[in-house]
Each structure stands twice: as structure tokens, then as C-alpha cells.
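Structural description and commentary
Residue-level listing of the chains:
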Amino acid sequence: QVQLVESGGGLVQPGGSLRLSCVASGFTLDYYNIGWFRQAPGKEREGVSCIGYDGITKYADSVKGRFTISRENAKMTVYLQMNSLKPEDTAVYYCALRGVPRVRVNCSIFEYNYWGQGTQVTVSS
């Protein structure tokens with residue numbers, strides 16, 4: 001069955017960097033879009049960045065220029081490189097699979113139907 005496992009979260013000072021990893025299993029990653037989403041305490045879950053099966057990427061305005069999403073299909077892994085982190089980036093970060101192959105990528109949360117368990121990112125001095 002489909003599994004998504006996130007790792008790489010932690011505590012980092014403002015201005016620091018983290019790289020999150022999402023390791024997938026149970027399907028062929030090559031054909032599917034993967035998204036990174038986050039949820040801060042008391043807030044709704046929001047899209048951060050998504051990558052299509054064709055490599056096309058989308059970013060929330062709040063992370064453009066600071067975060068980079070990438071994928072290594074052979075390793076069944078999608079990454080989120082986060083630089084210049086800010087306290088407002090503090091949240092639980094989730095990766096998710098849109099379970100329809102070969103469709104145009106977007107970061108609408110409602111279109112992603114398989115989710116990992118999340119990894120905590122805390123940005124604080």
C-alpha cells in the first residue's frame with residue numbers, strides 16, 4: 001500500500017536551513033505529483049510547494065526564493081530544501097501524494113489523498 005515517510009525536521013535558528021525528505025513506497029513515484037504542506041498550531045493546513053511528475057514546481061508566495069523542492073525518482077524520494085528560515089515557518093510539515101497519474105501539478109490540498117505522518121520544524125532562537 002502507499003506509504004509516505006517524512007524526515008529531516010528539527011529545531012533551527014532563524015536564518016538557518018533544513019532539508020526535509022519524503023520517502024515513498026507502494027507505487028511508482030515517476031508518474032505522480034507530490035506536495036509539501038504545513039500546519040502551524042491553530043492554523044489550517046496550507047500548501048508549501050509541489051512538484052509534478054514532469055518536474056514542474058509550484059511554490060507558495062511566502063516561501064518563494066527560500067525553499068526548493070526536488071525529486072529523485074530512482075530513490076523514491078522528494079526533498080524540500082528550506083533556507084533562510086523564519087519563525088513563521090514553524091509547523092508540522094507533511095508530504096502528500098496526488099493519487100492520479102500524469103496530471104498537471106497544483107498545490108490544492110483537496111487533490112492530495114495520501115499523507116505522511118508529518119515532521120516538526122521549529123524555527124526559534
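Before reading on, note that the structure itself is shown above.
Presented here is an overview of the structure given in this document. (Residues numbered from 1 in each chain as written. Predicted model: local features only at pLDDT ≥ 70, side-chain atom pairs only at ≥ 80, totals over all residues. Heavy atoms only, no water.)

Take the nonpolar core next. Counting residues in each nonpolar core, the largest one holds 28 residues, and the members touching the most others are F27, W36, F67, V78, L80, M82 and Y93. Of all elements in the fold, only β3 (18-25), β4 (33-39), β5 (46-51), β7 (67-72), β8 (77-82), β9 (91-98) and β11 (119-123) reach the threshold of two or more residues within this core. Setting aside its immediate chain neighbours within four residues, V78 contacts L20, S21, C22, L29, I34, W36, I51, I69, S70 and R71. Counting 5 residues, the second-largest nonpolar core is a separate cluster that includes C50, A96, V105 and Y112. (Core = buried A, V, L, I, M, F, W, Y, C linked by side-chain atoms within 4.5 Å. Buried < 20%, exposed > 50% of the residue type's maximum accessible area, 1.4 Å probe, protein only. Helix = DSSP H or I, 4+ residues; strand = E, 2+ residues; numbered from the N terminus. Contact = heavy atoms within 4.5 Å.)

Relative to the helices and strands, V103 is located in the loop between β9 and β10 (114-115). Residues V103 and Y53 lie 50 residues apart in sequence; the distance between their C-alpha atoms is 7.8 Å.

The subject of this paragraph is the state of the cysteines. Scanning the entire structure with this criterion turns up 2 disulfides. Disulfide partner of C22: C95, at an S-S distance of 2.1 Å. With the S-S dihedral at roughly 60°, the linkage between C22 and C95 falls on the right-handed side. Taken as a pair, C22 in strand β3 and C95 in strand β9 lie far apart in primary sequence, 73 residues in all. C95 sits in the buried class, given a relative accessible area of 0%. Note that C50 is cross-linked by a disulfide to C107, the S-S spacing being 1.9 Å. The sign of the 115° torsion about the S-S bond sets the C50-C107 disulfide as right-handed. Taken together, the positions of C50 in strand β5 and C107 in the loop between β9 and β10 put the pair 57 residues apart, joining distant regions of the chain. Exposure remark for C50: the relative accessible area of 0% places this residue in the buried category. (Disulfide = S-S within 2.5 Å.)

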